[in-house]
Amino acid sequence: MTKSRIAAVDVGNDALKGNFGKLENELYITNVIAQDMEDRPVIGIEELDEKDVLDNIHIRVHSPALKENNLVYRVGNLATKTNNSTELDPGSSKSEEDQTLIMLFASIALDAVESRDFKVSKDNVVDANYTLGTGLPLREVKEGKDVGYRSQLLGSVHQVEFLVTPKHQGKKVNIKFDEVKVYPEGFAAYVNLIMDNDLKVINKELIDKQILIQDIGGLSTDIAVIRNRNVDDDKAQGFNLGVSESLEEIREEIRSKHGVELDSRRDVVDIITRKNDRHHIMVKGSRTNVHDITDHILLELAKKEYRFLRNMWSKNSQAEICYFVGGGSAVLKDYIKALNNKLDGYNIEFFEDENESIWMMANAYYKLITDFVRKTTAENTKEEVATTKEK
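In this text the structure is predicted, and so the values were computed from the model without any measurement.

Our focus in this paragraph is the packing of aromatic side chains. Scanning all chains against the criterion turns up six aromatic pairs. Seen in terms of ring centroids, F118 and Y130 are 5.5 Å apart; in terms of plane orientation they differ by 50°. Their pairing is tilted. Residue F118 is located in the loop between α1 (98–114) and β7 (125–136), and its partner Y130 is located in strand β7; the two are separated by 12 residues in the primary sequence. Since its relative accessible area comes to 0%, Y130 is described here as buried. Ring geometry for W313 and Y346: centres 4.6 Å apart, planes at 10°, overall stacked. Here the residue W313 occupies a position in helix α7 (residues 291–315), and Y346 occupies one in the loop between α8 (327–342) and β17 (348–349), the gap between them amounting to 33 residues.

Have a look at this one:
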């Protein structure tokens, strides 16, 4: 029987986060792609294999799930260096975008060529089977888009061919999914709050509480209402508002005021959240404060996010706490805290470790898909034992 490797992948609007195997591999790839030519020029091609793989992902992707098939892409950091790079647009559905699939396939192919679970054939081909745990915004799950997304992935072979990529040039990875689980992002965040990696309950006091979880992403905001250990589908809400538009606004203001062109939204996030020189950029070699730009734009967004919270709490008056998660929460944390202290004083909680908030979904998908595999294996074992006894 072919070995099926676990993949838990969060294709976030800012970046993809993925956990693989038995957590021996994790990948963080900026969610930017750019169509490219097959034989991209490289300065110092002889030293290609000495370069960082994640900075030089150059692939051809073939999949029946794609609207535009068999095209060549730069992915991640390499894509940010071009003039034709694309990031997911506000208002778009994650489940219906080729970009989501290209990022997903690229990450899995990178894991496959570096994993001991699969072998590279003489023809430089890797046949890789995966059991995938991933997720979609609550809004898309409520609209039933998870069903179509899952069916696109199952039942087909998706091929990634590495072109001018360090260490893997010329390798082809045939990806087949044995099982795909698509989880609502709000519920995944709840699972991550109450369970550790061994699926043991770590926050018992949260289990029977009524909890709000406000997940602020790049393109959307989801607020899950957790009652009786489940998402209340009728109460949960999704909004077409995230941090991406505000990041683009900051990027544009910096360009027009200082003449500095930032490569991607990821650069803006770095300016806002980094530990040292926060809200500073280099302008003609001089360290320059851009807090006036970031401050007024982010405060306006925080006010809108706070209105969502206020409206949801008014409809769920018995909620005991709201957890803010997602990359957008890391960006807006200080602004939302200040507004809450000044206005309503709700019981809200942020993760002081921004990394924990950013990786929360990928970690949750890993716990959920691992639990699914464990239960499925146990059931299969029982059936085998019963069949043997009957014989």
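What follows deals with the pairing of strand β9 (residues 172–184). One ladder, built from 12 bridges, connects β7 with β9; its direction is parallel. Counterpart to T131 in the pairing with β9 is E179.

What follows is about the environment of I223. By secondary structure assignment, the location of I223 is in strand β11 (residues 221–227). On the basis of relative accessibility, which here comes to 0%, the residue I223 falls in the buried class. Spatially, the C-alpha atoms of I223 and K145 are 18 Å apart, while their sequence positions differ by 78 residues. With near-sequence residues (within four places) excluded, I223 lies in contact with L138, I213, Q214, A236, Q237, F239, F308, L309 and M312.

For the rest of this paragraph, the subject is the UniProt feature "domain: Alp7A-like C-terminal" (unreviewed entry) in the protein. Sites flagged by UniProt as "domain: Alp7A-like C-terminal" (unreviewed entry) map to residues 211–349. The span residues 211–349 shows a helical share of 47% and a strand share of 24%, and its end C-alpha atoms are spaced 11 Å apart.

On to the packing of α7 against α8. It is at 9 Å that the axes of α7 and α8 come closest, and there the two elements cross at 60°. Considering only the axes of α7 and α8, their crossing is right-handed. Residues H291, T294, D295, L298, L299, L301, A302, K303, E305 and Y306 of α7 touch α8, and the partners they reach there are V331, L332, Y335, I336, L339 and N340. Residues of the contact of α7 with α8, tallied by class, amount to 10 nonpolar, three polar and three charged.

What counts, and where the lines are drawn
- Residues numbered from 1 in each chain as written.
- Predicted model: local features only at pLDDT ≥ 70, side-chain atom pairs only at ≥ 80, totals over all residues.
- Heavy atoms only, no water.
- Phe/Tyr/Trp six-rings, centres within 6.5 Å; stacked < 30°, edge-to-face > 60°.
- Helix = DSSP H or I, 4+ residues; strand = E, 2+ residues; numbered from the N terminus.
- Buried < 20%, exposed > 50% of the residue type's maximum accessible area, 1.4 Å probe, protein only.
- Pairing = 2+ DSSP bridges.
- Contact = heavy atoms within 4.5 Å.
- UniProt positions renumbered as here; feature names shortened; annotations may be inferred.
- Axes fitted to C-alpha atoms, helices over the stretch in contact; angles between N-to-C directions.
- Left-handed = near helix turned anticlockwise from the far one by under 90°.
- Nonpolar A, V, L, I, M, F, W, Y, C, P; charged D, E, K, R; others polar.

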